[in-house]
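Next come the chains, spelled out residue by residue.
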Amino acid sequence: MKPEELIDHILGIAPAWKVTGVTFSRESDRLDITIDFQRGASLPCPVCGASAPVHDTSEEEWRNLNFIQYEAYLHVKVPHVKCPNDGCGLKQVQVPWARAGSGFTRIDKNVPQNPPIKNASCA
Ligand SMILES: [Zn+2]
């Protein structure tokens, strides 16, 4: 099994999504995972569930501080779909790893990030 397939499996991502790159830095114990979706794919509308064509994408980063004991960052082009049903409009699709308990949180690029505290102790 290739590293990309293993990460696919661990994240439980659907066939429309694909891990396209995995890099690991031993110095910083950091895993960077690039995820993309299949071009031309239709994805479920997050409002009504209808299959809808991808309209455009936005780039997001997601972080997990305890993914197989390493800090993991997902770099993702998240698609927006244009739903054919009235009332839905243009919506960003739900990403599979956003489910409760996955441990991944989206990094808001508008908020300055503090470096993660390692080996913190309660003094
Ligand atoms: Zn819809």
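Residues numbered from 1 in each chain as written. Predicted model: local features only at pLDDT ≥ 70, side-chain atom pairs only at ≥ 80, totals over all residues.

**Some words on the overall build of the chain**
(1) Moving on: Assigned secondary structure in the chain consists of one helix and seven strands.
(2) Moving on: Traced from its N-terminal end to its C-terminal end, the chain shows the element sequence α-β-β-β-β-β-β-β.
(3) Moving on: Along the longest, intermediate and shortest principal axes, the C-alpha atoms of the chain span 55 × 35 × 20 Å.
(4) Moving on: Counting over 123 residues, the chain shows a buried share of 16%.
(5) Moving on: Across the chain, contacts joining residues at least 24 apart in sequence account for 54% of those joining residues at least 6 apart. (Helix = DSSP H or I, 4+ residues; strand = E, 2+ residues; numbered from the N terminus. Buried ≥ 20, exposed ≤ 12 C-beta atoms within 10 Å, placed from the backbone. Contact = placed C-beta atoms within 7 Å.)

**What about the pairing of strand β2 (residues 30–37)?**
(1) Moving on: Only one face of β2 is buried, namely the one carrying Leu-31, Ile-33, Ile-35 and Phe-37, since none of Arg-30, Asp-32, Thr-34 and Asp-36 on the opposite face is buried.
(2) Moving on: Counted along the chain from strand β1 (residues 17–25) to the antiparallel partner β2, the turn is four residues long, and its residue Asp-29 has a positive phi close to 50 degrees.
(3) Moving on: The pairing of β2 with strand β5 (residues 70–82) spans six bridges and is parallel. Considered in β5, the bridge of Asp-32 is made with Tyr-73. (Pairing = 2+ DSSP bridges.)

**Topic: unusual backbone geometry**
(1) Moving on: The backbone of Asp-29 shows a phi angle near 50 degrees, a positive value even though the residue is not glycine.
(2) Moving on: As for its position among the elements, Asp-29 is in the loop between β1 and β2.

**Observations concerning the nonpolar core**
In a soluble, globular protein the nonpolar side chains are often hidden away together inside.
(1) Moving on: Ranked by internal contacts, the top residues of the largest apolar core, which has 15 residues, are Ile-33, Ile-35, Trp-62, Leu-74, Val-76 and Trp-97.
(2) Moving on: Residue assignment for this core shows that the elements contributing at least two residues are α1 (3–11), β1, β2 and β5.
(3) Moving on: Broken down by element, this core gets its largest block of residues, four residues, from β2.
(4) Moving on: In this structure Leu-74 touches Ile-33, Ile-35, Glu-61, Trp-62, Trp-97 and Phe-104, once residues within four positions along its chain are discounted. (Core = buried A, V, L, I, M, F, W, Y, C linked by C-beta atoms within 7 Å.)

**Thoughts on the environment of Asp-29**
(1) Moving on: A tally of 12 C-beta atoms within 10 Å means that Asp-29 is categorised as exposed.
(2) Moving on: When the C-alpha positions of Asp-29 and Glu-71 are compared, they lie 6.5 Å apart, and in sequence the two are 42 residues distant.
(3) Moving on: Residues within four places of Asp-29 in sequence aside, it is in contact with Tyr-70 and Glu-71.

Note that all results are geometric; they support no functional claim without further evidence.
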